[in-house]
There are 4 protein chains.
Amino acid sequence: MRSFEVKNRTSTDEIKSLRLITAIKTPYLPDGRFDLEAYDALVNMQIQDGADGVIVGGTTGEGQLMSWDEHIMLIGHTINCFGTSIKVIGNTGSNSTREAIHATEQGFAVGMHAALHINPYYGKTSQEGMVSHFKCVLPMGPTIIYNVPSRTGQDIPPIVIQSLAENTNLAGVKECVGHDRVKEYTKNDITVWSGNDDECHISRWEHGATGVISVTSNLVPGLMRQLMFEGKNPSLDAKLLPLMKWLFCEPNPIGINTALAQLGVIRPVFRLPYVPLPLAKRVEFVNLVKDIGRENFIGEKDVQVLDDDDFILVGRY
Amino acid sequence: MRSFEVKNRTSTDEIKSLRLITAIKTPYLPDGRFDLEAYDALVNMQIQDGADGVIVGGTTGEGQLMSWDEHIMLIGHTINCFGTSIKVIGNTGSNSTREAIHATEQGFAVGMHAALHINPYYGKTSQEGMVSHFKCVLPMGPTIIYNVPSRTGQDIPPIVIQSLAENTNLAGVKECVGHDRVKEYTKNDITVWSGNDDECHISRWEHGATGVISVTSNLVPGLMRQLMFEGKNPSLDAKLLPLMKWLFCEPNPIGINTALAQLGVIRPVFRLPYVPLPLAKRVEFVNLVKDIGRENFIGEKDVQVLDDDDFILVGRY
Amino acid sequence: MRSFEVKNRTSTDEIKSLRLITAIKTPYLPDGRFDLEAYDALVNMQIQDGADGVIVGGTTGEGQLMSWDEHIMLIGHTINCFGTSIKVIGNTGSNSTREAIHATEQGFAVGMHAALHINPYYGKTSQEGMVSHFKCVLPMGPTIIYNVPSRTGQDIPPIVIQSLAENTNLAGVKECVGHDRVKEYTKNDITVWSGNDDECHISRWEHGATGVISVTSNLVPGLMRQLMFEGKNPSLDAKLLPLMKWLFCEPNPIGINTALAQLGVIRPVFRLPYVPLPLAKRVEFVNLVKDIGRENFIGEKDVQVLDDDDFILVGRY
Amino acid sequence: MRSFEVKNRTSTDEIKSLRLITAIKTPYLPDGRFDLEAYDALVNMQIQDGADGVIVGGTTGEGQLMSWDEHIMLIGHTINCFGTSIKVIGNTGSNSTREAIHATEQGFAVGMHAALHINPYYGKTSQEGMVSHFKCVLPMGPTIIYNVPSRTGQDIPPIVIQSLAENTNLAGVKECVGHDRVKEYTKNDITVWSGNDDECHISRWEHGATGVISVTSNLVPGLMRQLMFEGKNPSLDAKLLPLMKWLFCEPNPIGINTALAQLGVIRPVFRLPYVPLPLAKRVEFVNLVKDIGRENFIGEKDVQVLDDDDFILVGRY
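A. A look at the overall build of chain A. If you tally the helices and strands in chain A, you get 13 helices and 10 strands. Relative to the compact-globule value of 20 Å for 317 residues, chain A shows a C-alpha radius of gyration of 18 Å, a close match. Projecting the C-alpha coordinates of chain A onto the three principal axes gives extents of approximately 50 × 45 × 35 Å. Looking at the 317 residues of chain A, the share that counts as buried comes to 68%.

B. A look at the packing of helix H10 (residues 221–229) of chain D against helix H11 (residues 234–247) of chain D. Residue and element names in this part refer to chain D. Packing of H10 against H11 leaves a shortest axis separation of 11 Å and a crossing angle of 135 degrees. One element, H10, and the other, H11, form an angle in the oblique class. Considering how the two elements wind past one another, H10 and H11 form a crossing that is left-handed. Counting all contacts with H10, which are made through Leu-223, Met-224, Gln-226 and Leu-227, the residues of H11 involved are Leu-236, Asp-237, Leu-240 and Met-244. Taken together, the residues of the contact of H10 with H11 sort by class into six nonpolar, one polar and one charged.

C. Quick peek at the pairing of strand S4 (residues 114–118) of chain A. Residue and element names in this part refer to chain A. Of all five residues in S4, five are buried; the element is thus mostly enclosed. Because side chains alternate across S4, one face comprises the buried residues Ala-114, Leu-116 and Ile-118, and the other comprises Ala-115 and His-117, equally buried. Summarising the sheet, strand S3 (residues 87–90) and S4 pair through two bridges and their orientation is parallel. Paired with Ile-89 across the bridge in S4 is Ala-114. Note on the crossover from S3 through helix H4 (residues 97–109) to S4: the handedness is right-handed.

D. The arrangement of the packing of aromatic side chains in detail. Tallied over the entire structure, the rule returns 22 aromatic pairs over all chains. Grouped by ring-pair contacts, the aromatic residues Tyr-121 and Tyr-122 of chain A together with Tyr-121 and Tyr-122 of chain D constitute a single cluster. The lysine or arginine in question, Arg-204 of chain B, covers the ring of Trp-205 of chain B, its NZ or CZ lying 4.0 Å from the ring centre.

E. Here's a closer look at the confidence of the model for chain A. For chain A, the average pLDDT comes to 97, and 98% of its residues sit at 70 or higher. What the predictor reports for the complex is a pTM of 0.97 with an ipTM of 0.97.

F. Inspection of the interface of chain D and chain C at higher detail. Facing 29 residues of chain D, the contacting portion of chain C comprises 29 residues. Buried area between chain D and chain C, summed over both chains or domains, comes out near 2,600 Å², and the portion from carbon and sulfur atoms is 51%. The tally of links between chain D and chain C comes to two salt bridges. At the surface where chain D touches chain C, the tally comes to eight residue pairs in polar contact (both at pLDDT 80 or more). Elements represented by at least two residues in the side of chain D that touches chain C include exactly helix H2 (36–48), helix H3 (68–82) and helix H4 (97–109) of chain D. Ranked by residue count, the leading element in the side of chain D that touches chain C is H3 of chain D, at nine residues. Partitioned by chemical class, the residues of the side of chain D that touches chain C number 11 nonpolar, nine polar and nine charged.

G. View of unusual backbone geometry. Asn-252 of chain A connects to Pro-253 of chain A through a cis peptide bond whose omega is 10 degrees. In this fold, Pro-253 of chain A is placed in the loop between helix H11 (234–247) and helix H12 (254–262). In the segment running from Leu-272 of chain C into Pro-273 of chain C, the intervening peptide bond is cis, with an omega of 15 degrees. Relative to the helices and strands, Pro-273 of chain C is located in the loop between strand S9 (269–271) and helix H13 (279–292). With a phi close to 65 degrees, Asp-189 of chain D is a non-glycine residue in the positive phi region. Here Asp-189 of chain D shows up in the loop between helix H8 (179–186) and strand S7 (192–194). Given the relative accessible area of 73%, Asp-189 of chain D is considered exposed.

H. Structural view of the relation of the copies chain D and chain C. Placing chain D over chain C gives an RMSD of 0.0 Å and needs a rotation angle of 180 degrees, together with 0.0 Å of translation along the axis. As the rotation angle and translation indicate, the two copies are arranged about a two-fold axis. When the interface residues of chain D are mapped onto chain C, 100% of them again fall at the interface, so both copies present the same face.

I. Helix H3 (residues 68–82) of chain C, seen in detail. Over its 15 residues, H3 of chain C extends 21 Å from the first C-alpha to the last, a length consistent with the 21 Å expected when each residue adds 1.5 Å. With 13 of 15 residues buried, H3 of chain C is to be regarded as a mostly interior element.

J. The arrangement of helix H4 (residues 97–109) of chain B in detail. Residue and element names in this part refer to chain B. Given a rise of 1.5 Å per residue, 13 residues ought to cover 18 Å, and the 18 Å separating the end C-alpha atoms of H4 matches this to within 8%. Counting buried positions along H4 gives 11 out of 13 residues, so the element sits mostly inside the fold. Within H4, the full set of buried residues consists of Thr-97, Arg-98, Ala-100, Ile-101, Ala-103, Thr-104, Glu-105, Gln-106, Gly-107, Phe-108 and Ala-109. With its phi angle positive at about 105 degrees, Gly-111 sits one or two positions after the end of H4.

K. View of the interface of chain D and chain A. Tallying the contact residues gives 45 residues for chain D and 46 residues for chain A. Here chain D and chain A share an interface that buries about 3,700 Å² over both sides, 54% of which is from carbon and sulfur atoms. It is Arg-98, Tyr-122 and Pro-273 of chain D that lose the most area in chain D upon contact with chain A, and together they represent 23% of the buried surface on that side. In this assembly, chain D and chain A are joined by four salt bridges. Note that Glu-105 of chain A is salt-bridged to Arg-316 of chain D, the shortest N-O span being 2.9 Å. Counting every contact that joins chain D to chain A gives 22 residue pairs in polar contact (both at pLDDT 80 or more). If one sorts the elements of the side of chain D that touches chain A by residue count, helix H5 (residues 127–137) of chain D sits on top with six residues. Residues belonging to the side of chain D that touches chain A are distributed by class as follows: 16 nonpolar, 19 polar and 10 charged.

L. Representation of the relation of the copies chain D and chain A in the model. Expressed as a screw transformation, the operator carrying chain D onto chain A has a rotation angle of 180 degrees and an axial translation of 0.0 Å, and the superposed copies differ by an RMSD of 0.0 Å. Taken as a fraction of all interface residues of chain D, those also at the interface in chain A reach 100%, which identifies the copy contact as same-surface.

M. Layout of the environment of Ile-47 of chain C. Residue and element names in this part refer to chain C. By the secondary structure assignment, Ile-47 is in helix H2 (residues 36–48). Along the primary structure Ile-47 and Ile-86 are separated by 39 residues, whereas in three dimensions their C-alpha atoms are 6.5 Å apart. With residues near it in sequence (within four places) discarded, Ile-47 still touches Phe-82, Ser-85 and Ile-86.

N. Structural view of the packing of helix H2 (residues 36–48) of chain B against helix H3 (residues 68–82) of chain B. Residues and elements named next belong to chain B. The geometry of H2 relative to H3 is characterised by a closest axis approach of 11 Å and an angle of 50 degrees between their N-to-C directions. Considered as vectors, H2 and H3 are oriented oblique to each other. Between H2 and H3 lies a crossing whose hand is right-handed. In this structure, H2 uses Leu-36, Tyr-39, Asp-40, Val-43, Asn-44 and Ile-47 to contact H3, whose residues at the interface are Leu-74, His-77, Thr-78 and Phe-82. Residue composition of the contact of H2 with H3, grouped by class: six nonpolar, three polar and one charged.

O. View of the sheet that holds strand S8 (residues 211–214) of chain D. Residue and element names in this part refer to chain D. Taken together, eight strands build a closed barrel; the order of strands is S1-S2-S3-S4-S5-S6-S7-S8 and the barrel is parallel. With direction set aside, neighbouring strand axes in the sheet form an average angle of 25 degrees. Sheet analysis places strand S5 (residues 143–147) next to strand S6 (residues 170–175), joined by five bridges and oriented parallel. Each bridged residue has a counterpart across the sheet, and for Thr-143 the counterpart in S6 is Leu-170.

P. The sheet that holds strand S4 (residues 114–118) of chain B, seen in detail. All names here are of chain B. Read around the barrel, eight strands follow the order S1-S2-S3-S4-S5-S6-S7-S8 and close on themselves; strand pairing throughout is parallel. Averaged over all adjacent pairs, the angle separating strand axes in this sheet is 25 degrees, with direction ignored. Both S4 and strand S5 (residues 143–147) contribute to a ladder of four bridges, which runs parallel. The residue bridging His-117 from the neighbouring strand is Ile-145, located in S5.

So, how was this worked out
- Residues numbered from 1 in each chain as written.
- Chains lettered and ligands numbered in written order.
- Predicted model: local features only at pLDDT ≥ 70, side-chain atom pairs only at ≥ 80, totals over all residues.
- Heavy atoms only, no water.
- Helix = DSSP H or I, 4+ residues; strand = E, 2+ residues; numbered from the N terminus.
- Rg over C-alpha atoms; globule rule 2.2 N^0.38 Å.
- Buried < 20%, exposed > 50% of the residue type's maximum accessible area, 1.4 Å probe, protein only.
- Axes fitted to C-alpha atoms, helices over the stretch in contact; angles between N-to-C directions.
- Parallel < 35°, antiparallel > 145°, perpendicular 65-115°, else oblique.
- Left-handed = near helix turned anticlockwise from the far one by under 90°.
- Contact = heavy atoms within 4.5 Å.
- Nonpolar A, V, L, I, M, F, W, Y, C, P; charged D, E, K, R; others polar.
- Pairing = 2+ DSSP bridges.
- Right-handed = clockwise from strand over helix to strand, strands pointing away.
- Phe/Tyr/Trp six-rings, centres within 6.5 Å; stacked < 30°, edge-to-face > 60°.
- Lys NZ or Arg CZ within 6 Å of the ring centre and 35° of its normal.
- pLDDT = per-residue confidence, 0-100.
- Buried area = accessible area lost by both parts, 1.4 Å probe.
- Salt bridge = Lys/Arg side-chain N within 4 Å of Asp/Glu carboxyl O.
- Polar contact = N/O pair within 3.5 Å; in protein donor to acceptor, adjacent residues only side chain to side chain.
- Least-squares fit on C-alpha atoms with pLDDT ≥ 70 in both.
- Expected span 1.5 Å × (residues − 1).

Laid out in structure tokens, this is it:
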């Protein structure tokens, strides 16, 4: 079902060169539908502050809570509005090979620049099954493979990546396992993006990682750009570490959702099973913003400690 | 769920000015999925030969045989690849108000320039229900309303259109009821596109219609452009009439599907319940092409009389 | 994908013998989801008052406003709760052959006794296409074909039915075209149910129709049973005629939805594009109930003239 | 959307008393659709050999590879055909609260006796989010909560279960964490089913577990019944251990799928990302069958070492 129209087509090499990719938050209206105005503003701030790419509907963007038609629509929307200013990488992965095939085909058809693919989480499979899964989707276009055993329950071992590496569509790996794994890949010329914000600076400058696929950059894209582009800067890295720890005190995207609501750049609407961080943590965030400097965060409103009642949690949407 | 990003945004007035809109055919692969390469070629030929717009997933494009995710994907694809060269009008209408709302919201989100809306066919409703239905979708963007009682079982009376006319998103009406109805609208400054190829020339030049939403232009876009742009030309109109009659000898898109396959610009794949025209009709088509001139039709292959066995009919896809 | 488990399996002959089949109303909760408690009560009243079967998700039951998963769920629910007391016929027809195949396969898998199939409305097709469409679904189980040109825009001619008649799954035809067509079928031993309440008594007793697939029986199942089972009764037929005319003063199911709400047996919730009948008509209904006798109608509450404000219209659900 | 029809309604206490629940395999046709004939045969063998219940579309049954409409259809089918002979527990859990709500509502509407609910895998959430998630679905009917951190990446801590225990719909926990956790629950009167076949006998007889939700019982339901019903039997437990180890040498359901194909009770069709065990392992299985006794396994054909070519792997279905 491929299209050879050249509009928006991107080479694997272009994907390999991206340093700061933001796993962009999906904001919601009070009834749980997408808040596209807020979304557009978020993406525009990423562009303005120097992100190279966005992951649409990643785990941070809550792709796991979207219907596929919502998800593909959001990819198409993003490409249509921002595709000439930023690389758009659709998370069209799934633990179902059928769904991954269908979504990836659709994502490339609406113009996404690359796909992000996870190994089959929860259902899991054998190493051979993993390879078969990825081989179904790799021919469709530039692809980043995502390894996050703490979510999937199963590591993608380097041998799987190596067996796929001859496919010219493989752009690289978003790796969360740690510095040693990063090094193992980069010394074999496999492009790596760190999937751990708190490790990304060292991965980048000491272990050969190309960049980061970041959650924190939703908040402070300019500072994350400094970490990725402007050489070693341990003091900046250290300055951001408490924010990163705060963001991951509960499973992501709980922290980032809470933070963006407190910054006034999204409505305080959560799709369940996500719920906001408790009050004490919300107070902490205000202090973190003060420490790092409000001007380094996106948005222009004062950061606020929201009340429990300010949040809307939606189960049916 | 609106986005205010200006990319591809089109004013209602721009829609009102379109003269030749092609209800574009959706071609298929042998397994029934979209053949996007063939589709892209079809759209490119429309652009090259002077069509102003395309209807994506109209009854000609078999929107009624698409899942909504396929349908929205195709709209997003078309906008992404061709949106700067031609106006893209998504047929996001439905007999279910819920589906019409959802699809129209998604269609505009992926960048379509305008929506085509049908009244609730089959299920039908009261005049008041019809108005309520259209009022749910009109606020979303430029809209063409489509009246084709021979398909819907129910006329949209002028009073319904008039009650909607104050909404600045109403671009006009695709009307199939005949010249008198066309006149009634155009004298009241309501933009009309003829929905009947065999009447469109006279509607345009004698009754004030702005243009046509055409099936025939899938085959002969250049000649249809002449009919719409270059003044009265009864001899050209007469020359095309046998082709138009042939195209509608069975419910559209049976004729156009058969014709495009014979011209070698699409694979001879039909999604059921459509089946090709019989052999005798296929022979007739070859003769019609010769009479009108192969060079006036799209594509470059010789026109062929396909065998029954050449066609693939798919029920599951 | 067939199952040969015998539970609930019904022969075509059993379907052929049904005289009073109610095209059952689907009631809604205020948010537009199904109101299963009200639905169960409606079905129980049908069983109690002598209906032989129900059509689930017919045009009366607003199958056209359901997602397929809702629709199949409702068929499964009905079979599960009532399948030993009444025959459950799922309207798994569609103008898309793919959807008809999928839904019919699923409907029989969850145990429905028979399928109702419409010809491809709106999109329409050739006679050959119509036959191909029906032939895709007929092998799956007992089937009633539904002909209602005023909705579909296309008559199913007798030659189509005859070409399908050798399939032992064809139970018969729900025919809306009139007495002559009914006669044409019954004299050729094709089972017919009238699709027009106002003609059904005469079709039954003078033209050989087996029975009726009725809207009116939602309200007065006992009286409709008399019309179908207890011999000619012109005075009862005449007594019900004003009610039938009232029910069809706007496209069905607008009248029946309004009536059932006024009887207090469903919540006054409409899925758009349906809207209630206007006040004057609602007053008329109260008088019709008085004329015919409240005791002949289902439910036990007083019939009411509801206010405009009592109705809830839902577009998103 | 509840229905109060009593047909098939089951009390939480009845669910609490089930000892042998089989996580039933879903067999496929060569095109990837369900093979309902083979499925029905599998369920019948479970009934005949003494299983008390089946999980429909569990991870073993590959619910993660089903569309929701397939999944609910299969639940409805199972209830309809077998609901009076065996308890039918639908795995209507999801990492999306919306999907879990919708599926559970539909599953109970088609008559399932109980729901199986997983915590939000992959996306994960906070403890508070977990509780909120379960509280959305618990009111709908009898519920078993499933804890399998090796798949979900996140343990459900006892405090979560305790906070839900006052809801009378909570039947108990399918627990995979080990004997200590089992004991912790059973001493607090929380019903537990072992989720680990190799531990279930000891959990049952030494730690108070009620029973097992078993994969192995797909193959040897009679022997598993002995383990659960007939008192301590260490020699039988030991005899089955090699089979259990074999079944879980790769992520389940790879082993069970391979085994059932080798026994000739299902077609050798795999939905990707699952692929069969390699030849050496298939030879091992034949020997295991001989050791344990062919007569203790379901089916009547000779066990076979299938060739690689015998297997069909489907990605699109």
